[in-house]
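# Notes for the structure review
Listed here are the chains, written in short residue letters.
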Amino acid sequence: MDRSILAVLDKHGRISNAELAARVGLSPSPCLRRVRRLEQTGTIRGYRALIDPAAVGRGLRVFAGVRLVRHSRADVVAFERAVVRLSEVVHCHHVTGNYDYLLQVEVADLPAYEDFHANRLASLPGVAAVTSYVTMKTLPADTA
């Protein structure tokens, strides 16, 4: 039942409890208790609005692969503390493979990214190289 609740909330986070209960086949009170428990245990970490980046001046999305010079704990911590302070970085993933980190960066346009790359990203502690991938189109997750 919890998985059904989570599946509905994943697609419709603003759904009313009554509608959620009807969709998963529960009465409203037990449904609300389950949702509250999922929130308290951290399974549901929060609710947010999905905002069109272009509407807020972030029409260009770039994925940046970052390689560090060294992988000592101190270097990793220094990079991570600095990168999370950059408002242009929407997501930062520590990954395996050719890069150490994969960043999702959102800025207004290509000149804004050039400035961000040269003056902020490349100067972070421990950065050896940055490879950028400019997004041409993003498909919706639920294309079915």
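The structure this text deals with has already been given above.
These notes cover the structure that comes with them. None of these values were measured; they are calculated from a predicted model. (Residues numbered from 1 in each chain as written. Predicted model: local features only at pLDDT ≥ 70, side-chain atom pairs only at ≥ 80, totals over all residues. Heavy atoms only, no water.)

### A word on the environment of Ala55
Put simply, the rule is: Each helix is a run of DSSP H or I of at least 4 residues and each strand a run of E of at least 2, with the numbering of both proceeding from the N terminus.
Turning to its location among the elements, Ala55 is positioned in the loop between helix 3 (28–40) and strand 1 (60–68). Taking the C-alpha atoms as reference points, Ala55 and Val134, 79 residues apart in sequence, are found 19 Å from one another.

### Description of the pairing of strand 1
Stated precisely, the cut-off is as follows: Strand pairing is assigned whenever DSSP identifies at least 2 bridges connecting the two strands.
As defined by bridge partners, strand 1 adjoins strand 3 (residues 101–107) across seven bridges and the pair is classed as antiparallel. Paired with Val62 across the two strands is Val105, which belongs to strand 3. In this structure, strand 1 lies alongside strand 4 (residues 127–134), joined through seven bridges in antiparallel fashion. Following the sheet pairing, Val66 is matched in strand 4 by Val130.

### Considering the environment of Pro53
Here is the rule: In this analysis, two residues are considered to be in contact whenever any of their non-hydrogen atoms come within 4.5 Å of each other.
Among the secondary structure elements, Pro53 is positioned in the loop between helix 3 and strand 1. Along the backbone, Pro53 and Val76 are 23 residues apart, and their C-alpha atoms lie at a distance of 29 Å. Discounting residues that sit within four places of it in the chain, Pro53 has contacts with Arg58, Gly59, Arg61 and Glu106.

### Section: the nonpolar core
Our working definition: What we call a nonpolar core is a set of buried Ala, Val, Leu, Ile, Met, Phe, Trp, Tyr and Cys residues that are connected through their side-chain atoms within 4.5 Å. Remark: exposure states derive from per-residue accessible area (1.4 Å probe, protein chains only) relative to the maximum for the residue type, with buried under 20%, exposed over 50%, and partly exposed in between.
Grouped together as the largest cluster of nonpolar side chains are 21 residues, with contacts concentrated most on Val66, Phe79, Leu103, Val105, Tyr113, Leu121 and Leu124. Of all the secondary structure elements, the ones that give two or more residues to this core are strand 1, helix 4 (73–83), strand 3, helix 5 (110–121) and strand 4. The element best represented in this core is strand 1, accounting for five residues. Here Leu124 is in contact with Phe79, Ala82, Val83 and Leu86, once residues within four sequence places are set aside.

### Re the side chain of Glu106
In this fold, Glu106 is placed in strand 3. A relative accessible area of 8% places Glu106 in the buried class. Not counting chain neighbours up to four residues away, the residues in contact with Glu106 comprise Pro53, Arg58, Leu60, Arg61, Glu88 and Val90.

### Considering the pattern of salt bridges
A side chain of one charge can pair with a side chain of the opposite charge if their charged atoms are brought near each other. To keep it simple, the criterion reads: Throughout this description, the term salt bridge denotes a Lys or Arg side-chain nitrogen within 4 Å of a carboxyl oxygen of Asp or Glu.
Applying the stated criterion across every chain yields a total of seven salt bridges. Between Arg36 and Glu39 there is a salt bridge whose closest N-O contact spans 3.2 Å. Remark: Glu39 and Arg36 occur in helix 3; sequence separation between them is three residues, near one turn of the helix. A relative accessible area of 43% places Arg36 in the partly exposed class. Here Arg70 ties to Asp75 by a salt bridge, and the two come within 3.0 Å at their closest N and O atoms. Here the salt bridges do not stand alone but share partners, grouping Asp2, Arg34 and Arg37 into one network.

### Comments concerning the packing of helix 1 (residues 2–11) against helix 3
Cut-off, in case you're wondering: Under this scheme, a helix contributes an axis fitted over its contacting stretch, all axes are lines through C-alpha atoms, and angles between N-to-C directions fall in the 0 to 180 degree range. An angle below 35 degrees is treated as roughly parallel, one above 145 as roughly antiparallel, one from 65 to 115 as roughly perpendicular, and anything else as oblique. Asp, Glu, Lys and Arg are counted as charged, while Ala, Val, Leu, Ile, Met, Phe, Trp, Tyr, Cys and Pro are counted as nonpolar; the rest, among them Gly, fall into the polar class.
Running from N to C, helix 1 and helix 3 cross one another at 80 degrees; their axes reach a closest spacing of 11 Å. For the element pair helix 1 / helix 3, the angle class is roughly perpendicular. Where helix 1 approaches helix 3, its residues Asp2, Ile5, Leu6 and Leu9 are matched on the opposing element by Cys31, Arg34, Val35, Arg37 and Leu38. Looking at the contact of helix 1 with helix 3 residue by residue, the classes come out as six nonpolar, no polar and three charged.

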